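# Working through the structure, step by step
Okay, here's what each chain looks like letter by letter:
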Amino acid sequence: MVDNNQYKKIYTYALGFLEKNKPEGINLAPYYEADSKCTTLEGVFKRFVISAQNYQSMPNVIGITRNADRKKRIEEILRNYDIGYVSTLNADDLYNRFRDEFNITSKDCKQNSWYKWSHAIVDSAIFLSEFSSYEDFDKFVDLFDYNVHTRMALPLLIAEKVSGTGFALACDMLKELGYVSYPKPDVHLMDVFAELGLCKRDPLDTFEAVVKMAEVCGETPYKVDKVFWLICSGRYYKDDMENNKVRPLKKEFIEEAKGLL
């Protein structure tokens, strides 16, 4: 059983560790604040599309966030995130369109990144077409914000509706839409929290532990997520520095933090 003092010790140490090891001149405050919520369903759809490729090597393979020309061409294919249009598409046809457009030579199979992403895009459009407006979607999300258990139900539902996403990517969709109650229990958070004995190495267990730490420390789950993610990834994406990345410090942090327990 993890007590509140353990959560406070580890989080306080993480804040100090990050501050001590950040690159010179970096202001961490902007990283702790979520982007403003979008105001349109098209904006929600765009976030779903981007988050659906935020897994392992897929951002490099697909490149919607890393290649301006490819981003533009993808948006043209999706008619600028037209939910009504994309919801009528056949996912296999969309995949073949991407293959032709970007000269994809990887093997046709269900594990192909473009294949998985195409199906996630169409599923996302179908799911979001059930809402009449952004306000309707926003109210729907708020219905789940009662406690940690009801919050977990929403990304589980999205993961069921949108193929190829899973719980962690569904959390990423909500977190990056500005819903600060949702951390993303990715491999970094699972590694840190499991190694420090705060939970099992499991996405749902990690989600619950991050939310608990946030409550105990008077922070948002979004901020707690970002503190550990920056330590583990070294990716200062909001700053203009070479590749926006420094050496990840996950192993060093875990070893030092174990000394607190």
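Remember, it's a predicted structure, so these values are computed and weren't measured experimentally. (Residues numbered from 1 in each chain as written. Predicted model: local features only at pLDDT ≥ 70, side-chain atom pairs only at ≥ 80, totals over all residues. Heavy atoms only, no water.)

### So, the overall build of the protein chain
Selection rule: The secondary structure listing takes helices from DSSP runs of H or I that are at least 4 residues long and strands from runs of E that are at least 2 residues long, numbered from the N terminus. Between buried and exposed lies partly exposed: a residue is buried under 20% and exposed over 50% of the maximum accessible area for its type, with that area taken using a 1.4 Å probe on protein chains only. Residue burial considers only the protein chains on display, and all accessible areas are found by Shrake-Rupley using a 1.4 Å probe. Within this scheme the basic residues Lys and Arg register as positive and the acidic residues Asp and Glu register as negative, but His and the chain ends are omitted. Positions of charges follow a simple convention, taking NZ of Lys, CZ of Arg, CG of Asp or CD of Glu.
Along the protein chain, the regular secondary structure elements total 14 helices and zero strands. Going from N to C terminus, the protein chain has its helices and strands arranged as α-α-α-α-α-α-α-α-α-α-α-α-α-α. Its C-alpha atoms give the protein chain principal-axis dimensions of roughly 55 × 40 × 30 Å. Out of the 261 residues in the protein chain, the part that is buried amounts to 48%. Accessible surface computed for the protein chain: about 12800 Å², of which carbon and sulfur atoms make up 47%. Looking at the protein chain, you have 35 positive and 40 negative side-chain charges, and the mean spots of the two groups are 3 Å apart.

### A closer look at the packing of aromatic side chains
To be explicit about the condition: Put simply, two rings from Phe, Tyr or Trp (the six-membered ring, in Trp's case) pair if the centres are within 6.5 Å, and we call them stacked under 30 degrees between planes, edge-to-face over 60, tilted for the rest.
All told, the structure shown has 24 aromatic pairs when counted by the stated rule. Taking 5.4 Å as the distance between ring centres and 25 degrees as the angle between the ring planes, the aromatic pair formed by F98 and W117 counts as stacked. Of this pair, F98 sits in helix α6 (residues 91–102) while W117 sits in helix α7 (residues 113–128), and the two are 19 residues apart along the sequence. The class of F98 is buried, set by a relative accessible area of 0%. On the basis of relative accessible area, W117 is assigned to the buried category, the value being 0%. Consider the rings of F131 and F140, whose centres lie 5.0 Å apart with planes at 55 degrees: the pair is tilted.

### Here's the deal with the pattern of salt bridges
We apply this condition: For this document, the term salt bridge refers to a Lys or Arg side-chain nitrogen within 4 Å of an Asp or Glu carboxyl oxygen.
Counted under the stated rule, the structure contains 15 salt bridges. Measuring nitrogen to oxygen at the nearest pair gives 3.1 Å for the salt bridge that ties E195 to K258. With a gap of 63 residues between them, E195 in helix α11 (residues 187–195) and K258 in helix α14 (residues 250–258) connect regions that are remote in the sequence. Sharing partners across several salt bridges, the network here consists of D69, R73 and E101.

### Overview of the environment of T39
Structurally, T39 can be placed in the loop between α1 (4–21) and α2 (41–51). Sequence separation of T39 and L177 is 138 residues, and the distance between their C-alpha atoms is 9.9 Å.

### Thoughts on the nonpolar core
Note the cut-off: Working definition of a nonpolar core: buried Ala, Val, Leu, Ile, Met, Phe, Trp, Tyr and Cys residues. They are joined through side-chain atoms within 4.5 Å. Between two residues, a contact is recorded if the distance between any of their heavy atoms is within 4.5 Å.
Membership of the largest hydrophobic core comes to 53 residues, with the highest contact counts inside it found for F98, W117 and F137. Here this core gets nine residues from one element, more than from any other, and that element is α7. When near neighbours in sequence (up to four residues on either side) are disregarded, F137 contacts L41, V44, F48, L128, F131, L177 and Y179. If you look at the next biggest cluster of nonpolar residues, it comprises 34 residues, including A14, M213, A214 and F253.

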